[in-house]
Amino acid sequence: MKADAAAVRAAADGLAAGALVAFPTETVYGLGADAENALAVARLYAAKGRPSFNPLIAHVADLLSARKLARLDAVAERLAAAFWPGALTIVAPRAMGCRVCALATAGLDTIAVRIPDHPVARAILTGVARPIVAPSANRSGHLSPTRADHVLADLAGQIDLVIDGGPTGVGVESTIVACLGVRPMLLRPGGIPRAAIERVLDAPLDEPSAMPADGPLAPGLLASHYAPRARLRLEARAVQPGEALLAFGPGSLPGVSQATRVLNLSVRGDLLEAAANLFACLRALDAVGTGTIAVMPVPREDLGEAINDRLARAAAPRGRAAV
Ligand code: TXA
Ligand code: MG
């Protein structure tokens, strides 16, 4: 669909209704979904064929909206003033009251935010008036798309709408900088050169690897995944006394009446619904304070691959990336 006023309206309406809409930004084409709609976000991961749930960037139209999602410290505000709208993504602590679903941030306490500088993207974001997550609109592992026909070549049939705004100007993804209290850190080089950022900050950007071996670690920063306090016991066929249970599907397990708490990812056994619920369920069970969360087997097909990937990471012995 050519990017005229009607297309922008169709995109905004579609996104608000949970559709997957690809649209141009100045960096690359993004595949948008309502960041507050966990089912839409689960469909987005499925459409991209991502084997794991990487946290996504929430796109908004203006600084006030960005501040509702993320706690921007003085450094982040300086970067925002200098580079937004533009090819800079800021990772910051999630703000109180931020309604972006846990699946979109992969369960992290931090969130990546960007105000894109493309008239079509901005018109859509203004129209929909809620945060839109948008990874690059390609199949996982393929190149990022810089034209609408690249998007169609990868995702035709998987998504609801493509807005064609012509070739993108920048052509590489946004630069990602984490502003998490310590020195700002370059997480991904991209459309805004490092030197331009360092000039604004009048200081060098840290590298993730430059962190002190025993220094304080921002949760999820290196590994970018959520680690519950509780131990996870995967492929559970029975519940042990004192365990919490993360269930999947209509079946039950021996010992379930002894569980401290039971949550079901999807009683129907639907993988989209399970993905949408995954991080929120893990957090809720972790909050009970149980030592161990038993996890029923989840099939490995479709989104099950990503669900099992995250469960395996959450169950892995704690390294320093998981404080
Ligand atoms: O230019 C871009 O940034 C494009 C356009 C569409 O905006 N989007 C894009 O999204 O490249 P994606 O999903 O392909 O890349 C997002 C990156 C991932 O590497 C992810 O790990 C990182 O952002 N990220 C997101 N949230 C994060 C967080 N809380 N902490 C650390 N990294 C995060
Ligand atoms: Mg990408």
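Look up: the structure comes first, before these words.
Every chain begins its residue count from 1, and numbering advances along the sequence as written. Here the convention is simple: chains get letters from A, ligands get numbers from 1, in the order in which they are written. For this predicted model, a pLDDT threshold of at least 70 governs which residues receive local features, and a threshold of 80 or more governs which side-chain atom pairs are given and counted, while totals over whole chains, interfaces and linings are taken from all residues. No hydrogens and no water enter the side-chain calculation; it runs on all heavy atoms of the structure.

> Got a minute to help me understand the sheet that holds strand β10 (residues 231-233) in this structure?
The strands that make up a sheet are held in pairs by hydrogen bonds between backbone atoms, and each pair lies either parallel or antiparallel. Only when DSSP finds a minimum of two bridges between them are two strands counted as paired. Where helices and strands are cited, they refer to DSSP runs of H or I of at least four residues and of E of at least two residues respectively, numbered from the N terminus. If you walk across this open sheet you meet the four strands as β10-β13-β11-β12, and the pairing is parallel. Strands at the two margins of the open sheet, each flanked by one partner only, are β10 and β12 (262-264). Each neighbouring strand pair of the sheet contributes to a mean axis angle of 20°, computed without reference to strand direction. Sheet analysis places strand β11 (residues 244-247) next to β12, joined by three bridges and oriented parallel. Opposite A247, over in β12, you have N264 as the bridge partner. Comment: axis = line fitted to C-alpha atoms, over the contacting stretch for helices; angle = value between 0 and 180 degrees taken between N-to-C directions.

> In this structure, what is going on with the pairing of strand β9 (residues 185-188)? I would like to understand it.
Two faces make up the sheet, and in a regular strand the side chains alternate between them. By the bridge criterion, three bridges tie strand β8 (residues 175-178) to β9 in an arrangement that is antiparallel. Of the residues in β9, the one forming a bridge with V177 is L186. Connecting β8 to the next strand, β9, in antiparallel fashion are six residues, including G181 with a positive phi near 95°.

> In this structure, what is going on with the packing of helix α4 (residues 74-83) against helix α7 (residues 194-201)? I would like to understand it.
In a pair of packed helices, the angle between the axes and the distance between the axes together describe the arrangement. Interhelical geometry of α4 versus α7 gives an angle of 120° and a closest axis separation of 10 Å. Classified by the interaxial angle, the pair formed by α4 and α7 is oblique. Handedness of the α4/α7 crossing: right-handed. Contact residues: α4 offers V75, R78, L79, A82 and F83, while α7 offers A196, I197, V200 and L201. In the contact of α4 with α7, the residues fall into eight nonpolar, no polar and one charged. Between 65 and 115 degrees an angle is taken as roughly perpendicular, under 35 as roughly parallel, over 145 as roughly antiparallel, and anywhere else as oblique. Handedness of a helix crossing follows the sense of rotation of the near helix relative to the far helix, less than a right angle counterclockwise being left-handed and clockwise being right-handed. Should any heavy atoms of two residues lie within 4.5 Å, those residues are considered in contact. Residues are grouped as follows: Ala, Val, Leu, Ile, Met, Phe, Trp, Tyr, Cys and Pro are nonpolar; Asp, Glu, Lys and Arg are charged; all remaining types, including Gly, are polar.

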